[in-house]
Amino acid sequence: MPLSDCRKSAGLMLVALPVALLALALPAKAASPSAAELEEQTLKLDQAVQAFKKEALGFNTEAQQVEDDVLFPPHARLSVYLSVKVPGLLLKEVSVAVDGNAPQTFAYTDRDAKAMLSEGHMQRVLRTAVGAGAHRIRISYSGQMADAKADAPPVGDSYEAVFDKDQRETNLEFSISRRTRLSKAGISMTQWRPKK
């Protein structure tokens, strides 16, 4: 069964199970149950629903891992992360392209842009599969300073580099920062790999 069908089935189960459990929990007798019986039945139903939710979340996590391993095998996996270290810089858009492929673009809502300013926050903006060897990557961003006037031009920069990929998972971290408080924001890159 395809993974998308499994996810649809899990979603239908999330809807159908509480209804079925409720039907089982209600007594078949015609007399109305006492408050204590209702409370006990409600507690049992809630416990069953919570257990099912936990199981469904576990299934979804496992399915996502299987999908990632198929689409992005560990020996070919490349993940690109972005962090913002310029106080008040609210991103509008980030674009990443590897080896001349079509760029992957991420548009930020105000909430997303503010979240990027949190200390130590890093966002994965691209996950793809590439072979071993040298690869060219290009990343660009546009944004606005939080205290800028409405008619102020957008802030932005781009960065292009060559990185070397071996047979292990490779992670690239791009940071938007500035050297001094008054200098222009720029992008820097760090490459890291899991230890053998």
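Residues numbered from 1 in each chain as written. Predicted model: local features only at pLDDT ≥ 70, side-chain atom pairs only at ≥ 80, totals over all residues. Heavy atoms only, no water.

(A) A look at the packing of aromatic side chains. Tallied over the entire structure, the rule returns three aromatic pairs. Their ring planes at 20° and their centres at 5.9 Å tell us that Y81 and W192 sit as a pair that is stacked. A residue pair is termed long-range when its members are at least 10 positions apart, and Y81 in strand β1 (residues 77–84) and W192 in strand β8 (residues 186–192) qualify at 111 residues. By relative accessible area, Y81 is classed as buried at 17%. Aromatic side chains F106 and Y108 sit 4.6 Å apart centroid to centroid with 75° between the ring planes, which places their arrangement in the edge-to-face category. The exposure class assigned to Y108 is buried, which follows from its relative accessible area of 9%. (Phe/Tyr/Trp six-rings, centres within 6.5 Å; stacked < 30°, edge-to-face > 60°. Helix = DSSP H or I, 4+ residues; strand = E, 2+ residues; numbered from the N terminus. Buried < 20%, exposed > 50% of the residue type's maximum accessible area, 1.4 Å probe, protein only.)

(B) Spatial organisation of the nonpolar core. Core analysis: the biggest nonpolar cluster contains 26 residues, and L82, L91 and I176 have the highest contact counts within it. Going through the elements one at a time, β1, β2 (89–98), β4 (123–129), β5 (133–145) and β7 (170–177) are the ones with two or more residues in this core. If you tally residues by element for this core, the top one is β2, at six residues. Here L82 is in contact with L91, V94, Y108, M116, H121, M122, Q123, V125, I139, F174 and I176, once residues within four sequence places are set aside. (Core = buried A, V, L, I, M, F, W, Y, C linked by side-chain atoms within 4.5 Å. Contact = heavy atoms within 4.5 Å.)

(C) Representation of the sheet that holds strand β6 (residues 155–165) in the model. Overall, antiparallel pairing links the four strands, which are arranged β3-β2-β5-β6 in an open sheet. If you trace the sheet from one side to the other, it starts and ends with β3 (104–107) and β6, each paired once. Recorded for the sheet is a direction-independent mean angle of 15° between the axes of neighbouring strands. (Pairing = 2+ DSSP bridges. Axes fitted to C-alpha atoms, helices over the stretch in contact; angles between N-to-C directions.)

(D) Up close: the pattern of salt bridges. A full pass over the atoms with the stated rule returns six salt bridges. Its salt-bridge partner being K92, residue D110 comes within 4.0 Å of it at the nearest N-O pair. Remark: K92 occurs in strand β2 and D110 occurs in helix α3 (residues 110–115); sequence separation between them is 18 residues. Classification of K92 by relative accessible area gives partly exposed; the value is 41%. (Salt bridge = Lys/Arg side-chain N within 4 Å of Asp/Glu carboxyl O.)

(E) Quick look at unusual backbone geometry. Phi is positive for D99, close to 55°, though the residue is something other than glycine. Mapping D99 onto the fold places it in the loop between β2 and β3. A relative accessible area of 37% places D99 in the partly exposed class.

(F) Structural context of the pairing of β5. Two strands pair when backbone bridges link them, and β2 and β5 are joined in this way by nine bridges, in the antiparallel orientation. Note on β5: the bridge partner recorded for S95 is S140. Sheet topology places β5 next to β6; 11 bridges connect them, and they run antiparallel. By the bridge assignment for β6, Y141 is matched with D157.

(G) Fine view of the side chain of S79. As for its position among the elements, S79 is in strand β1. On the basis of relative accessibility, which here comes to 0%, the residue S79 falls in the buried class. Looking at S79, its side chain comes within polar contact range of the side chain of R127, at 3.2 Å. (Polar contact = N/O pair within 3.5 Å; in protein donor to acceptor, adjacent residues only side chain to side chain.)

(H) A look at the confidence of the model for the protein. Considering every residue of the protein, the mean pLDDT works out to 83; 82% of them sit at 70 or more. At the level of individual helices and strands, the protein shows its lowest average pLDDT in helix α1 (residues 3–25), which scores 55, and its highest in β2, which scores 95. (pLDDT = per-residue confidence, 0-100.)

(I) Just the sheet that holds β8, in detail. With respect to topology, four strands assemble into an open sheet ordered β4-β1-β7-β8, the strand pairing being mixed. At either end of the open sheet lies a strand with only one pairing partner, and these are β4 and β8. Between one strand axis and the next, the sheet turns by 20° as a mean value, whatever way the strands run.

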